[in-house]
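Architecture and fold: a report
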Amino acid sequence: MTTTPYLAVRDLTVAFGDVRAVSDLSYAVPLGRTLAIVGESGSGKSAAALAVMGLHDPATTRITGSVTVGGAEVVGMAPAELRALRGSRAAMVFQDPQSALHPYFTVGAQIAEAYRAHNAVSRRAARAHAADVLGRVGIPAARRRLDDYPHQFSGGMRQRVMIAMALVNDPKLLIADEPTTALDVTVQAQILDLIADLRREFGSAVVVITHDLGVVAEIADDVLVMYAGRCVERGPTRTVLGAPAHPYTWGLLESIPVVAEKPARLRPIPGSPPNPRTPPTGCAFHPRCRYPERVGDTACRDRMPELTGDGDRLSRCHLPRPDQVFRAEVLPLLGTGDQHVR
Amino acid sequence: MSDELLRVEDVVKHFGPRRERVRAVDGVSLELAEGQTLGLVGESGCGKSTLGRLVTRLLAPTSGRIHYRGTDIARLTERRLRPFRSDIQMVFQDPYLSLNPRHTVGAIIGAAVARSGERETRTRVRELLEVVGLDADHVDRYPHEFSGGQRQRVGIARALATRPRLIVADEPVSALDVSIQAQIMNLLQDLRREFGIAVLFVAHDLGVVRYFCDRVTVMYLGKVVETGTAQEIYTRPRHPYTQALLSAAPDLSVVRTGTPRPRIRLTGDVPSPVDPPSGCRFRTRCWKADDLCAVEEPALTGTDEHVAACHHA
């Protein structure tokens, strides 16, 4: 079912002044699939998502490359066209529903307005539709709750309201930026189930931005790992998390204590993520990497590795035969091992 | 319990006026031995952070007793508390908010070092910076010159400055990036082993708690629902809430099995602590609840290794 992808990002670069937040980023998401973009703070994962939605201020941001949503080019799109795209074909859910909902208006009014912005319908019809989507995202007694204000909802319910508002026009592309980070685990599980259900039901393309590899494992078909503004590894979730090829992905796995077992000791990545104003030379990860000597000469310090790979998994690393290194040196440290094997 | 360090007995903390009283902590008991680590887990509003602040006596309890090495500190005046303040230290969640931005880290940590000459204090501060893995020459820098992970190290150095026996760590890694979280957890692990410090570890991340803690207490709406050794709680959880919590935690194991684990789906949200349900407080979200649960509050029952408060466990 690999038709033309609904969302295609090609060589995307996002720069604020002389700071490059995103460099040469490419990926594609077909309808009915979920891509997770993983990275730590400053990795550029949110800046890249905002570029997809055309949400950067053109006065302060320089964007090059191409982003197509359903065939339409978003980079350089006129503001009126962008507004027509956002909220209808493409919608975004933010981390903090508290700040994304207007406190002075009822949720019914806010959802109905989002519907009427893209559809010529009566207030009454819009209200009925709003009740409908609230019900669809699992808010009990949806019709009655239309007249409630955001503060009258709990954190989990507010996130459902946000998702309802994003879905009101049946978008073909849904981008969720850390949709569950602010929520408790039992509520997080409900929201992840909801996003998975919606993707199945409507066949939309979904992009989830997260720092949590557990969330990735539960929800994503494909994963893209970002470091210092670049994709360092991407591919099917089972491949990337089960047998990762990039030392940064290894480091993330070694840093996470899992619920299922007690590891003897975590092996953290040393140092901190680089400052985007002063990125390291060569491979941006080399100052924190364990393997530059293994590569020999000064390749890691001098040259940015290409994104290469076999089949549908790509990785950006100079290390030869990373699969062997992973199996021999990394896997034994990940608890019982079979946890992460394909 | 042998070499008991802390024994919290039936502690209650209510906030607000009578009509809208928030029962943040509503009759909690727990014990901690010298050098031991106890994880305090539960969702927002369960009272775990309030309990941590009661143990450090940043808050005074409404009622109940807090025995620290044999002395009940629940009601002590500020002056009498002073010797205990250096014994019981706290590490906070947000390394950005918990350090005064106008003071150098030398001044911040130095203020906590026991009174002595300026030179001795400075030597001790440099030593503490090295203990937590920072460069001793950064003693005159300000908090904003450090990254989030480094700031949390400063917070830990400040806590260590008084040579405490007990550290209450309230979500000490949840504001940090994944790669930095692991650094800080390993540091805490090393320090507690080296100095024999007991830790009350308040966290919502069940993986972090499993990694760090000998024993675990699970709270729900101001009550303890289950306590036991980490091994027992994680492999044989008895309370339905603990079972739901463990099954809801996103886990990498789906990568191996290819199919998501069976997940207990809790419906609804945590009820308001102003007006908690009668009987068992979890009953409104519990799939095992029956008439008994509405009328009778279950007591904690079980063995020394493992107790749970459920009529149906």
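About the criteria used
Residues numbered from 1 in each chain as written. Chains lettered and ligands numbered in written order. Predicted model: local features only at pLDDT ≥ 70, side-chain atom pairs only at ≥ 80, totals over all residues. Helix = DSSP H or I, 4+ residues; strand = E, 2+ residues; numbered from the N terminus. Rg over C-alpha atoms; globule rule 2.2 N^0.38 Å. Buried ≥ 20, exposed ≤ 12 C-beta atoms within 10 Å, placed from the backbone. Contact = placed C-beta atoms within 7 Å. Pairing = 2+ DSSP bridges. pLDDT = per-residue confidence, 0-100. Expected span 1.5 Å × (residues − 1). UniProt positions renumbered as here; feature names shortened; annotations may be inferred. Domains from an automatic or database assignment. Nonpolar A, V, L, I, M, F, W, Y, C, P; charged D, E, K, R; others polar. Axes fitted to C-alpha atoms, helices over the stretch in contact; angles between N-to-C directions. Parallel < 35°, antiparallel > 145°, perpendicular 65-115°, else oblique. Left-handed = near helix turned anticlockwise from the far one by under 90°.

Some details on the overall build of chain A
When its secondary structure is counted, chain A shows 14 helices and 12 strands. Scaling as 2.2 N^0.38, a compact globule of 342 residues should have a C-alpha radius of gyration of about 20 Å, and chain A matches this with 21 Å. When each of the 342 residues of chain A is scored for burial, the buried share is 49%.

Brief notes about the overall build of chain B
Helix and strand counts for chain B come out as 11 helices and 12 strands. In terms of overall size, chain B behaves like a compact globule, its C-alpha atoms giving a radius of gyration of 21 Å where 313 residues would be expected to give roughly 20 Å. The C-alpha extent of chain B, read off along each of the three principal axes, is 70 × 55 × 40 Å. At a minimum sequence separation of 6, the contacts of chain B that also span at least 24 residues come to 63%.

Some remarks on the sheet that holds strand β2 (residues 19-29) of chain A
Residues and elements named next belong to chain A. Ordered in space as β2-β1-β4-β5, the 4 strands form an open sheet in which the pairing is antiparallel. For this open sheet the edge positions go to β2 and β5 (72-73), each flanked by a neighbour on one side alone. As defined by bridge partners, strand β1 (residues 7-16) adjoins β2 across 7 bridges and the pair is classed as antiparallel. For Ala8, the partnering residue across the bridge sits in β2 and is Ala28.

A look at the confidence of the model for chain B
As a note on interpretation, predicted positions should not be read in detail where pLDDT is low. In this model, chain B carries an average pLDDT of 92, and 97% of its residues clear a pLDDT of 70 or more. Across the assembled chains, the prediction reports ipTM 0.83 with pTM 0.88.

Regarding the sheet that holds strand β1 (residues 4-15) of chain B
Residue and element names in this part refer to chain B. Within the open sheet, the 4 strands sit side by side as β2-β1-β4-β5. Their pairing is antiparallel. The open sheet has two edge strands, β2 (22-33) and β5 (71-72), and neither has a second partner. Inspection of the sheet shows strand β4 (residues 63-68) paired to β5 by 2 bridges, in the antiparallel sense. Paired with Tyr68 across the bridge in β5 is Thr71.

With respect to helix α7 (residues 155-167) of chain A
Residues and elements named next belong to chain A. With 13 residues, α7 extends 18 Å from end C-alpha to end C-alpha; this agrees with the ideal 18 Å at 1.5 Å per step. Most of α7 sits inside the fold, with 12 of its 13 residues counted as buried. If you check which residues of α7 are buried, you get Gly156, Met157, Arg158, Gln159, Arg160, Val161, Met162, Ile163, Ala164, Met165, Ala166 and Leu167. Check the buried side of α7 and you find it contacts β6 (90-93), α3 (97-100), α4 (107-116), α5 (123-136), β7 (173-177) and α8 (185-202).

Quick notes on the UniProt feature "domain: ABC transporter" (unreviewed entry) in chain A
Within this numbering scheme, the UniProt entry marks residues 7-253 of chain A as carrying the feature "domain: ABC transporter" (unreviewed entry). Counting secondary structure, residues 7-253 of chain A comes out at 40% helix and 26% strand; the distance between its end C-alpha atoms is 28 Å.

What to know about the UniProt feature "domain: ABC transporter" (unreviewed entry) in chain B
If you check UniProt for "domain: ABC transporter" (unreviewed entry), the listed places come out as residues 6-246 of chain B in our numbering. Secondary structure across residues 6-246 of chain B divides into 37% helix and 26% strand, with the first and last C-alpha atoms of the span separated by 27 Å.

A look at the domain arrangement of chain A
Residue and element names in this part refer to chain A. Entries for chain A in the domain assignment read domain 1 (7-220) and domain 2 (245-333). The straight-line distance from the C-alpha centre of domain 1 to that of domain 2 is 31 Å. If you tally residues by element for the side of domain 1 that touches domain 2, the top one is β2, at 3 residues. Class assignment of the residues belonging to the side of domain 1 that touches domain 2 gives a composition of 3 nonpolar, 2 polar and 2 charged.

Structural notes on the interface of chain B and chain A
The parts lose accessible area when they come together, and the size of an interface is often stated as this lost area. Counting from both sides, the interface comprises 37 residues of chain B and, opposite them, 43 residues of chain A. The set of elements that each furnish at least two residues to the side of chain B that touches chain A consists of α6 (178-195), α7 (206-212), α9 (240-248) and α10 (253-257) of chain B. Residue contributions to the side of chain B that touches chain A peak at 8 residues, all from α6 of chain B. Taken together, the residues of the side of chain B that touches chain A break down into 19 nonpolar, 10 polar and 8 charged.

Points about the packing of α8 of chain A against α9 of chain B
For any two helices packed against each other, one specifies the crossing angle of their axes together with the interaxial distance. Contact geometry for α8 of chain A and α9 of chain B: axes closest at 8 Å, N-to-C directions at 50 degrees. Considering their axes alone, α8 of chain A and α9 of chain B lie oblique with respect to each other. Relative to α9 of chain B, α8 of chain A is oriented so that their crossing is left-handed. Along the contact surface, α8 of chain A presents Val185, Thr186, Gln188 and Ala189 of chain A, while α9 of chain B presents Ala244, Leu245 and Ala248 of chain B. When the residues that make up the contact of α8 of chain A with α9 of chain B are grouped by side-chain class, the tally is 5 nonpolar, 2 polar and no charged.

Re helix α1 (residues 48-55) of chain B
Residue and element names in this part refer to chain B. For α1, a buried count of 7 out of 8 residues is recorded, marking the element as mostly surrounded by other parts of the structure. Along α1, the residues classified as buried are Lys48, Ser49, Thr50, Leu51, Gly52, Leu54 and Val55. At the exit of α1 stands Arg57, carrying a positive phi of roughly 60 degrees.

Re the pairing of β7 of chain A
Residue and element names in this part refer to chain A. For β7, the buried fraction is high: 5 of the 5 residues fall into the buried class. Burial along β7 is two-sided: Leu173, Ile175 and Asp177 facing one way and Leu174 and Ala176 facing the other are all buried. In this sheet, β7 lies alongside β6 in parallel orientation, the contact comprising 4 bridges. Among the inter-strand pairings, Val93 is bridged to a residue of β7, identified as Ala176.

Things to note about the pairing of strand β3 (residues 34-38) of chain A
Residue and element names in this part refer to chain A. Most of β3 is tucked away: 5 of the 5 residues are buried. Residues of β3 alternate between two faces, with Thr34, Ala36 and Val38 on one and Leu35 and Ile37 on the opposite face, all of them buried. Relative to strand β8 (residues 205-210), β3 is paired through 5 bridges, and the arrangement is parallel. Looking across to β8, one finds that Thr34 is bridged to Val206. Here 4 bridges tie β3 to strand β9 (residues 222-227), and the two strands are oriented parallel to one another. Within β9, the residue paired with Ile37 across the bridge is Leu224.

Some details on the environment of Ala84 of chain A
By the secondary structure assignment, Ala84 of chain A is in helix α2 (residues 79-85). Counting along the chain gives 34 residues from Ala84 of chain A to His118 of chain A, while the straight-line C-alpha distance between them is 7.1 Å.

A word on unusual backbone geometry
Residues other than glycine seldom take positive phi values, yet Arg321 of chain A does so here, at roughly 50 degrees. Accessibility expressed as a C-beta count within 10 Å gives 10 for Arg321 of chain A, which makes it exposed. Of note, the phi angle at Arg163 of chain B is positive, near 50 degrees, even though the residue is not glycine.

Observations regarding the environment of Glu296 of chain B
All names here are of chain B. Within the element layout of this structure, Glu296 appears in the loop between α11 (291-295) and β11 (301-303). Since 12 C-beta atoms lie within 10 Å of it, Glu296 is described here as exposed. Separated by 16 residues in the primary sequence, Glu296 and Cys280 place their C-alpha atoms 6.8 Å from one another.

Thoughts on the environment of Lys48 of chain B
Residues and elements named next belong to chain B. With respect to the secondary-structure elements, Lys48 resides in helix α1. With 28 C-beta atoms counted inside 10 Å, the residue Lys48 sits in the buried group. C-alpha of Lys48 to C-alpha of Val224: the two residues are 176 residues apart in sequence and 9.6 Å apart in space. Filtering out sequence-adjacent residues up to four positions away, Lys48 remains in contact with Leu40, Val41, Gly42, Val202 and Met219.

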